[in-house]
Amino acid sequence: MNALSEIKYRFGQVLKEMVEDASDLLEMIRPAQDSKFGDYQANCAMPMKNLVGKSPRQIADEIISKLQIDDLCQSVEVAGPGFINLTLDDNWLKAKLTDSLQDPRLGIKPVQTPGTYVVDFSSPNVAKPMHVGHIRSTLIGDALSRTLRFVGHEVVTDNHLGDWGTQFGMIIYGYKHFVDKEAYANNSVEELGRLYKLVRQIMDYHTAVAKLPALHEQLTQQQNLLLELEANQPTGDKAIDKKLKKDIGRLKSKITEQEEQIAELESKIETIDRNQDQHARALKHKNIGTDVLNETAKLHSDDTENLALWNEFLPFCREDIKQIYDQLNIEFDYELGESFYHSRLAGVVDSLNEKGLSRESEGAICVFMDNYETPMIIRKKDGAFLYATTDLATIQYRVEKWQPTAILYVVDHRQHQHFEKLFDAARLWGHDDVEMTHVSFGTVLGDDGRPFKTRSGDTVGLQGLLDEAVQRAAQLSGELNSAMNEETLTEISKVVGIGGLKYADLSQNRSSDYKFSYEKMLALKGNTSTYLQYSYARVQGILRKGDVDIETLRSQPVAFRFEKEIERKLAVNLIRFGETLDEVLVDYKPNLLTTYLFDLAQTFSVFFENCPVLKSEDDHLKRSRLQLCDLTARTIEVGLSLLGIDVVEKM
RNA sequence: GCCCCGAUAGCUCAGCUGGAUAGAGCAACUGACUUCUAAUCAGUAGGUCGCAGGUUCGAAUCCUGCUCGGGGUGCCA
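Presented here is a report on the structure given in the accompanying data block. It should be emphasised that the depicted structure is a prediction, and the values quoted were computed from it without experimental measurement.

Overview of the overall build of chain A
Here is step 1: The helix and strand inventory of chain A stands at 26 helices and 13 strands.
Here is step 2: Its C-alpha atoms give chain A principal-axis dimensions of roughly 85 × 70 × 60 Å.
Here is step 3: Burial analysis of chain A (651 residues in total) assigns 49% to the buried set.
Here is step 4: Here the analysis covers contacts within chain A between residues at least 6 apart in sequence; of these, 74% occur between residues at least 24 apart.
Here is step 5: Accessible area of chain A: about 32100 Å², with a carbon and sulfur share of 48%.
Here is step 6: Charged side chains of chain A number 76 positive and 100 negative; the gap between the two group centres comes to 3 Å.

So, the packing of aromatic side chains
Here is step 1: If you walk through the whole model with that rule in mind, you get 22 aromatic pairs.
Here is step 2: Note on tyrosine 409 and phenylalanine 419: the rings are 5.0 Å apart at their centroids and 45 degrees apart in plane angle, and the pair reads as tilted. Here tyrosine 409, found in strand 10 (residues 406-412), pairs with phenylalanine 419, found in helix 17 (residues 416-429); they are 10 residues apart in sequence, far enough to count as distant. Residue tyrosine 409 shares its accessibility class with phenylalanine 419, and that shared class is buried.
Here is step 3: Here the aromatic cluster, defined as three or more aromatic residues joined through ring pairs, consists of Tyr334, Phe340, Tyr341, Tyr397 and Trp402.
Here is step 4: Above the face of the phenylalanine 178 ring, arginine 281 is positioned so that its terminal group lies 5.7 Å from the ring centre.
Here is step 5: The ring of tyrosine 40 carries arginine 576 above its face, with NZ or CZ at 4.9 Å from the centroid.

Looking at the sheet that holds strand 7 (residues 358-361)
Here is step 1: The sheet built from 3 strands is open, its strands ordered 7-8-9 with antiparallel pairing. Strands with a single pairing partner mark the edges of an open sheet, and in this sheet they are strand 7 and strand 9 (376-379). Going across the sheet, the axis of each strand differs from the next one's by a mean of 45 degrees, ignoring polarity.
Here is step 2: Two elements, strand 7 and strand 8 (residues 364-367), share 4 bridges in a ladder whose sense is antiparallel.

A few points about the protein's contact with RNA strand B
Here is step 1: The environment of RNA strand B is formed by 71 residues, the closest being Gln33, Lys36, Lys49, Ser512 and Phe608.
Here is step 2: Within the backbone of proline 612, a nitrogen or oxygen atom sits 3.4 Å from a base nitrogen of RNA strand B.
Here is step 3: Contributing elements (two or more residues each) for the surface near RNA strand B: strand 4 (83-88), helix 10 (238-274), strand 8, helix 18 (462-480), helix 21 (529-545) and helix 25 (591-610).

Comments concerning the side chain of aspartate 39
Here is step 1: Locating aspartate 39 in the fold gives a position in the loop between strand 1 (29-31) and strand 2 (40-42).
Here is step 2: Within the local environment of aspartate 39, its side chain forms a polar contact with the backbone nitrogen of leucine 88, the two atoms lying 2.8 Å apart.
Here is step 3: Among the polar contacts made by the side chain of aspartate 39, one reaches the side chain of arginine 568 at a distance of 2.8 Å.
Here is step 4: Those residues within four positions of aspartate 39 in sequence are excluded, and the remaining contacts are Pro31, Ala32, Leu86, Thr87, Leu88, Arg568, Val572 and Arg576.

Side note on the packing of helix 16 (residues 387-402) against helix 17
Here is step 1: Here helix 16 crosses helix 17 at 50 degrees, and the two axes come no closer than 10 Å. Compared by their axis directions, helix 16 and helix 17 come out oblique. The interaxial crossing formed by helix 16 with helix 17 has right-handed handedness. Residues Tyr387, Ala388, Asp391, Leu392, Ile395 and Gln396 of helix 16 lie in contact with helix 17, whose contacting residues are His418, Leu422, Ala425, Ala426 and Trp429.
Here is step 2: Taken together, the residues of the contact of helix 16 with helix 17 break down into 8 nonpolar, 2 polar and 1 charged.

Quick look at the environment of alanine 425
Here is step 1: As for its position among the elements, alanine 425 is in helix 17.
Here is step 2: Overall, alanine 425 belongs to the buried group, its relative accessible area being 3%.
Here is step 3: Separated by 58 residues in the primary sequence, alanine 425 and valine 367 have C-alpha atoms spaced 7.5 Å apart.
Here is step 4: When near neighbours in sequence (up to four residues on either side) are disregarded, alanine 425 contacts Met369, Met376 and Leu392.

Notes on the sheet that holds strand 4
Here is step 1: What the 4 strands build is an open sheet, ordered 1-2-4-3; its pairing is antiparallel. At either end of the open sheet lies a strand with only one pairing partner, and these are strand 1 and strand 3 (73-79). Put simply, the sheet's adjacent strands are angled 25 degrees from each other on average, direction ignored.
Here is step 2: In this structure, strand 3 lies alongside strand 4, joined through 6 bridges in antiparallel fashion. In the strand pairing of strand 4, glutamate 77 is matched with asparagine 85.
Here is step 3: Set on the sheet, helix 4 (residues 56-66) makes contact with strand 3 and strand 4; between it and strand 3 the angle comes to about 165 degrees.

Basis of the calculations
Residues numbered from 1 in each chain as written. Chains lettered and ligands numbered in written order. Predicted model: local features only at pLDDT ≥ 70, side-chain atom pairs only at ≥ 80, totals over all residues. Heavy atoms only, no water. Helix = DSSP H or I, 4+ residues; strand = E, 2+ residues; numbered from the N terminus. Buried < 20%, exposed > 50% of the residue type's maximum accessible area, 1.4 Å probe, protein only. Contact = heavy atoms within 4.5 Å. Areas by Shrake-Rupley, 256 points an atom, 1.4 Å probe, with all protein chains shown as cover. Lys, Arg positive; Asp, Glu negative; His and termini not counted. Charge placed at Lys NZ, Arg CZ, Asp CG, Glu CD. Phe/Tyr/Trp six-rings, centres within 6.5 Å; stacked < 30°, edge-to-face > 60°. Lys NZ or Arg CZ within 6 Å of the ring centre and 35° of its normal. Pairing = 2+ DSSP bridges. Axes fitted to C-alpha atoms, helices over the stretch in contact; angles between N-to-C directions. Near = heavy atom within 4 Å. Polar contact = N/O pair within 3.5 Å; in protein donor to acceptor, adjacent residues only side chain to side chain. Parallel < 35°, antiparallel > 145°, perpendicular 65-115°, else oblique. Left-handed = near helix turned anticlockwise from the far one by under 90°. Nonpolar A, V, L, I, M, F, W, Y, C, P; charged D, E, K, R; others polar.

Shape is all these values report; function is a separate question.
Here it is, written out as structure tokens:
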């Protein structure tokens, strides 16, 4: 039991005598905001004023008089309007640290009631290159899975691949028309990638050519409309004038958007026109758009040839994305993509129909629900199924197979409404005893605050980003460690570069939008994983230099001593690791862990400056400090590992 | 139109679901490497928490209205 939950428990014993339901009040016990208030503070006395009818300070006094907490806290005081400030007992703290020192799990007990968590994350479309848009789901999902597992839950990670969509129609079409047999034999993954891009280009070209005139016309209309609106004189009626101003503003931004879109399409056309071969090829494949859809449709209706091609391509596509996952050191227990559920979709619709939950409307099969204006469509009027159908089938399968306590969907916030509907529908369907949570996160934006694109209108490829991260780390490592051998430097660069990238993402509150910047993603100083890795490496440096036998240090501990204030502060920080993990899992927020670790490392840095370990006044103090060092390093190591980030011994 | 999300230091963002004097990092400025790793540390400067009301002992946090931005909104995922 960690300090916070122990304190809450003790307060609970008292509060249950005073109020009916103490649970909200217990949530008001938290780490002290300022160390001058002690280590923890209870803010529950103030709101109890109305429940109990005494002054908050009287209530606080009453709580304290009944509280049995002497073994845990050396001081409990009322302050200000009725805060209860708690300071942990040094002996308790030391005993706790000693436990952690001897425990590979750092004193963190597995949860008492383990659940089964299915974590659905990453889920890229295979056969398309992965880009920055995939990074958040992948990293957040991985970090949450690792954390859930560490605290003792059963975790099933499942990569719900997009492996059944139009992109396969595209590469099937590409393969049938453009394949370079030799290249395909030599490097299938690369050739398939080339085919995808090629078909994409030609399709975009034709779409652009077809859409452009209409867009131009629309633009002209909008510009004319703008002139008209701007010609209006103020009427003097505030409401009308305001609306006019608003309309003009909207129209202007719409026009800008339109102009950008036109520019983008024109550049796509130009790319093809510039190259004679490409141009000729594009002209030859005028109907590529519908043809690709046909190839997709044939695949979905089990056409033998296309199905065979799909079966042939899929392993290559998986190999392709696996390369990225390997670099990120991410693994999945399952990769049950959309195709896996293909055969179950009709059954889903039948089942919903039978239960009277869905019905036909305008030719489509829809689930209508209270609270929603629009229905969830599970079968289109042309008979095809949608992702809602697949998602329902997936829920059904997961519940049958794993009987999970919770299914977590790590997916960006734009799909929020979809998941709300999905979960409601699933509950109506009978899956009402499983927690279903949309762990949503913000969009990756560019400098302009719009969804991120490069100047050419493409997204930033993930592979390029990883390479750049490792390369920047390599450069800095080389500068700082000229004496190190090549192999070590390569290892460090990988760990530091990839770690930095992951940390940059995970340290951000997942719900806010994400403004992409190379500087931020690849930063190697300040609040970064590098800082934590550096702290770890510094400890290892001390242990090396002091020729410390780590096994003895851990198995034969000496009593901890807090000679300076900072040592105690470090100690308090160390024992908070467990409660931090609890916090992370309340709302599935990995950034609470990065904040904790950064804080711990900062505290360690102060300790490092002020407490020479190897030159301590006496041997006992030296041992005590070495123990603090070891605990710090291990907490950082384990904490980072839960974020999917590695450490190195030297850097 | 309707529905969601957001607006905090020059920049990028935290802020633990209502607590005590609003915090980091970057950028800027001043200092610290013959010392256990300077990928670091100590310090300075930087704020009308979008605006206006309200709720109460107490509001960046909750409510209402407004402004601005993003997203979603019946057959894409």
